[in-house]
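Close look at the chain arrangement
Residue-level listing of the chains:
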Amino acid sequence: MDPVLTSISNNFPTKVKLFEVGARDGLQNESTLISAEDKIALIEQLVDAGLPIVECGSFVSPKWVPQMATSKDVFANIKRQPGITYSALTPNMKGFEQALDAGADEVAIFTGASESFCQKNINCSINESIERFLPIMAAAKTHNIKVRGYVSCVVGCPYEGFIEPEVVAKVAKKLLDIGCYEVSLGDTIGVGTVKSVRDMLLAVNRHVPMNKIAVHFHDTYGQALANIYGALSMGVHIIDTAVAGLGGCPYADGASGNVATEDVVYMLNGLGIEHGINLDKLAQAGWFISDLLQKKPTSKVSNALRSKQ
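The paragraphs below set out a description of the structure included in this document. If you're wondering where the values come from, they're calculated on a predicted model, not measured in any experiment. (Residues numbered from 1 in each chain as written. Predicted model: local features only at pLDDT ≥ 70, side-chain atom pairs only at ≥ 80, totals over all residues. Heavy atoms only, no water.)

1. Things to note about helix H7 (residues 126–142)
Given a rise of 1.5 Å per residue, 17 residues ought to cover 24 Å, and the 25 Å separating the end C-alpha atoms of H7 matches this to within 8%. The sharpest bend along H7 reaches about 30 degrees and sits at Leu134, with the proline Pro135 one to four residues further on. Among the residues of H7, Ile126, Ser129, Ile130, Phe133, Ile136, Met137, Ala139 and Ala140 are the ones counted as buried. Within two residues after H7, Asn144 carries a phi angle of roughly 60 degrees, on the positive side. (Helix = DSSP H or I, 4+ residues; strand = E, 2+ residues; numbered from the N terminus. Expected span 1.5 Å × (residues − 1). Bend = angle between axes of the 7 residues up to and from the residue. Buried < 20%, exposed > 50% of the residue type's maximum accessible area, 1.4 Å probe, protein only.)

Okay, here's the thing in structure tokens:
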């Protein structure tokens, strides 16, 4: 057996939390504009399927992300269910104020582990991005709003190539230090493998407790499920997923999007790990949005289930 695999401790959690990002991170990369009504229908179907937290939109300039221009309407008209967290991405103070007015339960901020990616994506250095978040953190504390942190390019960058694990660890720690309750580590271009993800998580875990680490994998090279399995075996119990495998990365040719929620749920079922999600209802939600986008889900599980209909 591969020594890399044998060296990973068998520390699987008994229960995991899936953080559904399809309605935001997934849809924002789609050129077909989806109405607020259809986004609401998708979100409500996802909640009905058992997803405990759904990222419903982002408060960014519609000039740069037209798909998210309806986020205010989405938040205003969702039929909210008790115990469910409805989250929003907020890149700056203006976005935070809009999310607060819209009634978001929590917000997320984002930076990168690559200086080049930060400059290309948000026009500042990593340290400058952290400084920009401080007013958001202060306002969130005042309003008792939880803040999640995203770190992009935790394994590789389209401009810099391989990213050193210790760099990722330092950025993740900074987000935790300024007040983020959880840090999501994103393999933005999907180049990670079990070994590179393991090395990165070991480095981050020296600074950040495992129960505050989430993983966010894109499936560009078909490694997302393997990487999640490896992360689970190290004790990670929070996984970002997107229904139907929605999304992608504009910086990676051939990127096939986020790991599909359906595929992760099927794997978790096989491992006997509790997640609280109804796979049939989840698949139907994926078919609903995929039909609107006039495309097939990238989820193999979704397509296999539909072929039996």
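2. Examining the pattern of salt bridges
It is possible for side chains bearing opposite charge to pair when their charged atoms get close. Per the counting criterion, the structure on display carries 13 salt bridges. Each of the salt bridges in this network shares a partner with another, and the network as a whole consists of Lys17, Arg148, Glu182 and Asp240. (Salt bridge = Lys/Arg side-chain N within 4 Å of Asp/Glu carboxyl O.)

3. What to know about the packing of aromatic side chains
The tally for this structure, following the rule as stated, stands at 2 aromatic pairs. Seen from their ring centres, Phe12 and Tyr229 are 5.1 Å apart, and the 65 degrees between their planes marks the pair as edge-to-face. One end of the pair, Phe12, is in the loop between helix H1 (3–6) and strand E1 (17–20); the other, Tyr229, is in helix H10 (residues 224–233), with 217 residues separating them in the sequence. By relative accessible area, Tyr229 is classed as partly exposed at 39%. On the numbers, 5.8 Å between centres and 35 degrees between planes, the contact of Phe59 with Phe75 is tilted. In this pair, Phe59 is assigned in the loop between strand E2 (53–58) and helix H4 (71–77) and Phe75 in helix H4, connecting sequence segments 16 residues apart. Judged by relative accessible area, which is 2%, Phe75 ranks as buried. (Phe/Tyr/Trp six-rings, centres within 6.5 Å; stacked < 30°, edge-to-face > 60°.)

4. A look at the packing of helix H8 (residues 165–177) against helix H9 (residues 194–205)
Running from amino to carboxyl end, H8 crosses H9 at an angle of 40 degrees, the nearest separation of the two axes being 8 Å. It follows that H8 is oblique to H9 by the angle criterion. Where H8 crosses over H9, the two elements pack in a sense that is right-handed. Seen from H8, the contacting residues are Pro165, Glu166, Val168, Ala169 and Ala172; seen from H9, they are Asp199, Met200, Ala203 and Val204. For the contact of H8 with H9, the residue count by class is 7 nonpolar, no polar and 2 charged. (Axes fitted to C-alpha atoms, helices over the stretch in contact; angles between N-to-C directions. Parallel < 35°, antiparallel > 145°, perpendicular 65-115°, else oblique. Left-handed = near helix turned anticlockwise from the far one by under 90°. Contact = heavy atoms within 4.5 Å. Nonpolar A, V, L, I, M, F, W, Y, C, P; charged D, E, K, R; others polar.)

5. Let's talk about the environment of Ser87
If you trace the backbone, Ser87 turns up in strand E3 (residues 85–89). Note on Ser87: relative accessible area 0%, which makes it buried. For Ser87 and Lys281, which are 194 residues apart along the polypeptide, the C-alpha to C-alpha distance reads 21 Å. Residues contacting Ser87, with those up to four places away along its chain left out, are Phe19, Val54, Glu55, Cys56, Gly57, Phe75, Glu106 and Val107.

6. Quick word on the state of the cysteines
Under the defined criterion, the tally for this structure stands at 0 disulfides. Looking at Cys56, it has no disulfide partner, and the nearest cysteine sulfur is the one in Cys180, 19 Å off. Given a relative accessible area of 2%, Cys56 falls into the buried group. Left without a disulfide partner, Cys153 is nearest to the cysteine sulfur of Cys157, which lies 4.6 Å away. (Disulfide = S-S within 2.5 Å.)

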